[in-house]
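Take a look at the letters that make up each chain.
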Amino acid sequence: MPKRWVIVRIWACCLLGALSVKAPVACGSSENITVDLVRLLPQQPHTNEDLSIEVVGRVPQDALLQDPMQIGIDARVLFCRRVGDCMPVFHLNTTLCEALMDSGKECSGLKPGQTFSLSRTWHLPLLMVRGTYTLLLQFHRIHPEVAKARDAHPYEYYSNVINSQFYRPAGDVMSCYTLHEEVLASRQINILRDFRDAIIAFLIAASSSRAIGSHFPVWSRGILPQISGFLFIGILVGPYCANLVSQMHITIIGGMINKVSLAFIAGAAGAEIFLPELQGLLKPMALQVLLICTATVTFCATGIFFLESSQLLSVTSVSMQPNLMAKASISLLMGALMTARSPASAIAIIAELKCGDTKAGSMAIGITVLSDIAVLVLFELCSQLVRATSSGEDLGPYVLLGVFFELGISILMGYATGQLMRLALPPRLEADCQYDMCTKKGEEKAHRPQKSQIGSVLLGFLLIFILYAVFCVAEGCSDWTGGKLCLEPLLVCTVAACVCGHDELRREGLLEALAAWTPLVLLPFFTLAGASLQLSSLSQVLPAALCLVVLRALGVAAGSAGAGALSRLFLPQSHTSKETVQYTWLTLLAQAGVTLGLVLEVQHTFKGAWTQPFATLIISVVVINQLIGPVCCRLGLQKILAAEEQEEEDIEMGSCSPSSPSSDGSLTTPRSNRFHLAPKQTDRAGTQSVVYVQHPPLADGLVKKLNQF
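Residues numbered from 1 in each chain as written. Predicted model: local features only at pLDDT ≥ 70, side-chain atom pairs only at ≥ 80, totals over all residues. Heavy atoms only, no water.

Participant: Please explain the overall build of the chain as it appears in this structure.
Facilitator: Scanning the chain from N- to C-terminus turns up 22 helices and 12 strands. Looking at the chain residue by residue over its 709 residues, the buried ones come to 54%. In the chain, 76% of the contacts between residues at least 6 apart in sequence involve partners at least 24 apart. Counting only carbon and sulfur atoms, one obtains 64% of the accessible surface of the chain, whose full area is about 31200 Å². (Helix = DSSP H or I, 4+ residues; strand = E, 2+ residues; numbered from the N terminus. Buried < 20%, exposed > 50% of the residue type's maximum accessible area, 1.4 Å probe, protein only. Contact = heavy atoms within 4.5 Å. Areas by Shrake-Rupley, 256 points an atom, 1.4 Å probe, with all protein chains shown as cover.)

Here it is in structure tokens:
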């Protein structure tokens, strides 16, 4: 892969995002001929330049000797105005033998396991229509006797957005693949026009999303969060419906929006991790992550393996494996990917409910961040197991050492970035610190001198720029080192904000700056996420995807409930409530960014035919979880917060004695006897930050905290 991070191309890469070799999407079953990948040179096609296409395929190991003279190739290029609305613009019908000779290869029999490559170059005209083009590639038998059997054994196409069956060639179809790519402008004036159109379309979509999505909690009587409205409007304006935000628009500005948003969201999650406030929650968080990951991998891997082995469910990526060990390793890899969470959804719901300073909000953020670290380790271990079972590579201790080495480098890079963020943030004035020390406990700080909102916005912009820059650098390390060093951009940004947030003189400024930008970042991110959802993949693997979603939910529920029960028994200082045990799992179902990135890594690392149906299944699961996860997260947090508020009201009314029986019959101590709310110099603007420490009962009750956002 050419190095993209030279100075001349930094602007283009930041603007358009990183594009790489693509695996074609199967639009039907494959028999005797399989296409693994399609290479484009250049990687992003532009008008008025040459485009070289290389198709890399192979004959499966269990197939017979294939005669290229008897295999036809039907290649069509279609221009798609929107998903499912395509027009053919180019057609090539030839034999595999002729295609091999045109590529400079010898036309000879293809043995089982043998690979082949076909290449061809075209010149894209300057005045061609810019937009999304689809390559439809079909291999078929052209022998007369085989062609007569076409009606007896019709080829079954998958449900496909371009209606591949309408372009079925003569003869017996062996395999079918599609590849979608955008052709962009080459002239500067047209580049600016396309960029202008993309920005205007997305601004209109985001404005509509903001206006309508904000009413979803009211219309749904508190069930649906705002981000569900953002996702819904994104789907409506996206390529699958109105096409206001087309696939080309997503290609032009989507990469930049996603990187900025992910860097910010990771930073916001890291800023919420403040160890002095989490002293009593670290052990319950670690226990939650441990049991949830174990239960999720066990439920998902065992369930998929059993359902596929007993032929109760068709899981193509598992059934394509040659032996039981390979099938088990693929199932474990699926289970490992199911342990990832969605920090973006958690941040958005917590911000909407204003519960970032509560115990429930801290637990949700902490478990989500720790889970995204754990999934990296599990993914590397399961990936190496897949290599060992599929290609015979050794499963040695160096794999785990390599994972921890990369995580360590990512943490060090995040620490250095955190120091840079500290330099960008001015420390709190001494007068403010003295004011906080003199302020009575529980007293409202309405007379605190307020900082300029414009100053917070400017500081937030500077912090986002730093996080975005380090995100791009961490992501580009894999290209610079030829894949030898792969850093985790999300972990780097999380550690950076966490390190900066532990500076008590700068924590308040950090939280204010991030709070000023939270709605401005989450709105376009989730609107773009809705427009980018691959809804067409759901129809292919819907039964398997639903089963995997249910298995994942069962694993999360079992692990979370088990961890909560153990915390109540063995960690009494955490004061885990019954509602926390029952509803915490609902806050952990959303799934997004990290999973999609790991799916792409699977496609790049493994070249087998199973990677495409594997990616389709996992992406479908992510789509479903992204739709239902925020709703469940809101419901779970509302249940836990309602129980906490009721307990506080009971305490204030004096209805709770120092040791009163709980609903389950056990003796519990009121929260006022458990914790002392100690104001610190890290107070957020206009609020009081608290630390939970053992202390005698307070006479004046609890001080209610407001959220950062």
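Continuing now.
Participant: What is the right way to read the sheet that holds strand β6 (residues 115-124) from this model?
Facilitator: Within a beta sheet, neighbouring strands are joined by backbone hydrogen bonds and run either parallel or antiparallel to one another. With respect to topology, 3 strands assemble into an open sheet ordered β2-β3-β6, the strand pairing being antiparallel. If you trace the sheet from one side to the other, it starts and ends with β2 (34-41) and β6, each paired once. Averaged over all pairs of adjacent strands, the angle between their axes in this sheet comes to 15 degrees, without regard to strand direction. In terms of strand pairing, β2 meets strand β3 (residues 49-58) through 7 bridges, oriented antiparallel. What sits directly across from Arg39, in β3, is Glu54. (Pairing = 2+ DSSP bridges. Axes fitted to C-alpha atoms, helices over the stretch in contact; angles between N-to-C directions.)

Participant: I'm lost on the pattern of salt bridges in this one. Help?
Facilitator: It is possible for side chains bearing opposite charge to pair when their charged atoms get close. Per the stated rule, a full pass over the model turns up 8 salt bridges. In this structure, Asp74 engages Arg76 in a salt bridge whose closest nitrogen and oxygen atoms are separated by 3.2 Å. Just as Asp74 is buried, Arg76 falls in that class too. As a salt-bridge pair, Arg634 and Glu352 come within 2.4 Å of each other at their nearest N and O atoms. Linking Arg634 in helix α21 (residues 611-652) with Glu352 in helix α11 (residues 343-353), this pair joins segments that are 282 residues apart in sequence. Residue Glu352 is classed as buried on the basis of its relative accessible area of 18%. Overlapping salt bridges bring together Arg422, Asp503 and Arg506 as one network. (Salt bridge = Lys/Arg side-chain N within 4 Å of Asp/Glu carboxyl O.)

Participant: Explanation requested: the packing of aromatic side chains in the structure shown.
Facilitator: Centre-to-centre distance and the angle between the planes together describe a pair of aromatic rings. One pass over the full model with this rule turns up 8 aromatic pairs. Ring geometry for Phe216 and Trp219: centres 6.0 Å apart, planes at 45 degrees, overall tilted. Here Phe216 pairs with Trp219, and both are found in helix α5 (residues 216-219), just 3 residues apart, close to one helical turn. Given a relative accessible area of 13%, Phe216 falls into the buried group. An aromatic cluster is present here, built from Phe216, Trp219 and Phe232 joined pairwise through their rings. (Phe/Tyr/Trp six-rings, centres within 6.5 Å; stacked < 30°, edge-to-face > 60°.)

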